[in-house]
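Reading the structure
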Amino acid sequence: MPEVIIPSTSSELTGRALFPHRHLLSIADLKPWEIRFLLDEAEQWAKVNRGNARKHDGRLAGMTQINAFFENSTRTLLSFEIAGKRLGADVVNMHAGQSSVKKGETLIDTAMTLNAMAADVIVIRHASSGAVALIADMVDCAVLNAGDGWHQHPTQALLDALTIRRRKGGFEGLIVAICGDILHSRVARSNMLSLSALGAQVRAVAPPTLMPPEVGMLGATPCYRMDEGLDGADVVMMLRLQNERMDGAFIPSPREYHMLYGLTPERLAIARPDALVMHPGPMNRGVEISSNVADDPDRSAITEQVEMGVAVRMACLDVLTRGARGMEGWS
Ligand code: CP
């Protein structure tokens, strides 16, 4: 099969010699130029993925990528698997439900086991905040955080930023309203950091019970009512109620929540006429978003977010394995 030719390395294209990180654990670790660098890299893969029936590129050939998912996933797991395979890696998925974790093995013992198998890159999702960083400290290869508890989901923030940049042309002065269950959301925390670093004005819109106290430190302005948060917004990013992380009752009922915080066509009309609707998925239709908004082909970028997820994860896998492949990068 002929390989897809990628023009040069983007470190040459952007004038940056080195991505100075061994792992991708948190957006908080990245400077604005490093975020833009990863978006530029991903943009090239987005073009390759869209423009070619054959998308295979062999740069990770002979390398082993382990996707260790201790929590459920559809989009992130599949897109990391597709991304690794498109780059030529040998990709292995470990689902915690079918692993020795079920027999009482500790996280550290599992990490040491993956390390002993000489993985070249490990992608981890875990329900506990900080668990991915703990593993990263113990293994010899690059680790990518595919979501840890309430803490971070850096590749989600990168794919969201890429989607926004493609649709809106940039971030400077853009008003982005992130709405819903901010408290339990690693997606919100990653996006508040990333989008504010890139120059957007970020609003965190939630009922008081679902608003974490640290939104200001993460670069966002808190808004407690949807009409206040959506007024003049260029981008409206909706979040699911993360019931699996809730300990107690945070809302009176899903029906009442939809009435006050659900994104309906009437509520979307408060935002700019060309406002983009986003959702990281999985969606709960009729709760945080109504179907006619989610499926609006002119406004919704939800499927494009999924598409950009593959490109972003290809870029991250490529960049973080450059050192191990003898290219400029962390080694
Ligand atoms: N957005 C996201 O992380 O989706 P999954 O849980 O399906 O991976």
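Note that the coordinates shown come from a computational prediction; the quantities given were computed from them, not determined experimentally. Sequence positions are assigned chain by chain, starting from 1 and proceeding in written order. Side-chain atom pairs in this predicted model are given and counted only at pLDDT of 80 or more, local residue features only at pLDDT of at least 70, and totals for whole chains, interfaces and linings cover all residues. Heavy atoms from the whole structure form the basis of all side-chain values; hydrogens and water molecules are not counted.

**So, the state of the cysteines**
What counts, and what does not: Two cysteine sulfur atoms form a disulfide, by the criterion used here, when they sit within 2.5 Å. Under the scheme applied here, a residue whose accessible area is under 20% of the maximum for its type counts as buried, over 50% as exposed, and between as partly exposed, the area being computed with a 1.4 Å probe on protein chains only.
According to the stated counting rule, one finds zero disulfides in the structure shown. The structure places no disulfide on cysteine 141, whose sulfur is separated from the nearest cysteine sulfur, that of cysteine 316, by 15 Å. Cysteine 179 provides the cysteine sulfur closest to cysteine 223, a residue in no disulfide bond, and the two sulfurs are 8.6 Å apart. Residue class for cysteine 223 comes out buried when judged on its relative accessible area of 4%.

**Quick word on the confidence of the model for the protein chain**
Using the following cut-off: Scored from 0 to 100, pLDDT reflects the predictor's confidence in each residue. The contact criterion used throughout is that any non-hydrogen atoms of two residues lie within 4.5 Å.
Across the protein chain, pLDDT averages 92, with 94% of residues at or above 70. Predicted confidence for residues 1-16 stays below pLDDT 50, and this span has 33 contacts to residues more than four positions away or in other chains.

**A word on the packing of helix α6 (residues 154-168) against helix α7 (residues 186-197)**
Selection criterion: To obtain an axis, a line is fitted to C-alpha atoms, over the contacting stretch when the element is a helix, and the angle between two such axes runs from 0 to 180 degrees between their N-to-C directions. Runs of E in the DSSP output that reach at least two residues are strands. Runs of H or I that reach at least four are helices, and both are numbered from the N terminus. Note that the term roughly parallel is reserved for angles under 35 degrees, roughly antiparallel for angles over 145, roughly perpendicular for angles of 65 to 115, and oblique for everything else. Helix crossings are classified by the rotation of the near helix relative to the far one: an anticlockwise turn of less than a right angle makes the crossing left-handed, while a clockwise turn makes it right-handed. Gly counts as polar in this scheme, as do all residues outside two lists: the nonpolar Ala, Val, Leu, Ile, Met, Phe, Trp, Tyr, Cys and Pro, and the charged Asp, Glu, Lys and Arg.
At a minimum axis distance of 8 Å, the contact between α6 and α7 shows a crossing angle of 50 degrees. Taken together, the axes of α6 and α7 lie oblique to each other. The two elements α6 and α7 meet at a crossing, and its hand is right-handed. Residues Pro154, Gln156, Ala157, Asp160, Ala161 and Ile164 of α6 lie in contact with α7, whose contacting residues are Val187, Ser190, Asn191, Ser194 and Leu195. Looking at the contact of α6 with α7 residue by residue, the class counts come to six nonpolar, four polar and one charged.

**Things to note about the pairing of strand β5 (residues 175-179)**
The two faces of the sheet receive side chains in turn, since in a regular strand these alternate between them. Note the following rule: Seen with its strands pointing away from the viewer, a crossover is right-handed when the path leading from the first strand over the helix to the second is clockwise. Between any two strands, pairing holds if DSSP finds at least two bridges.
With five of five residues buried, β5 lies mostly within the body of the structure. Covered by surrounding structure in β5 are Ile175, Ala177 and Cys179 together with Val176 and Ile178, the residues of both alternating faces. Viewed along the sheet, the connection from β5 through α7 into strand β6 (residues 201-205) turns out right-handed. One ladder, built from four bridges, connects β5 with strand β8 (residues 235-238); its direction is parallel. Bridge pairing links alanine 177 to valine 236 in β8.

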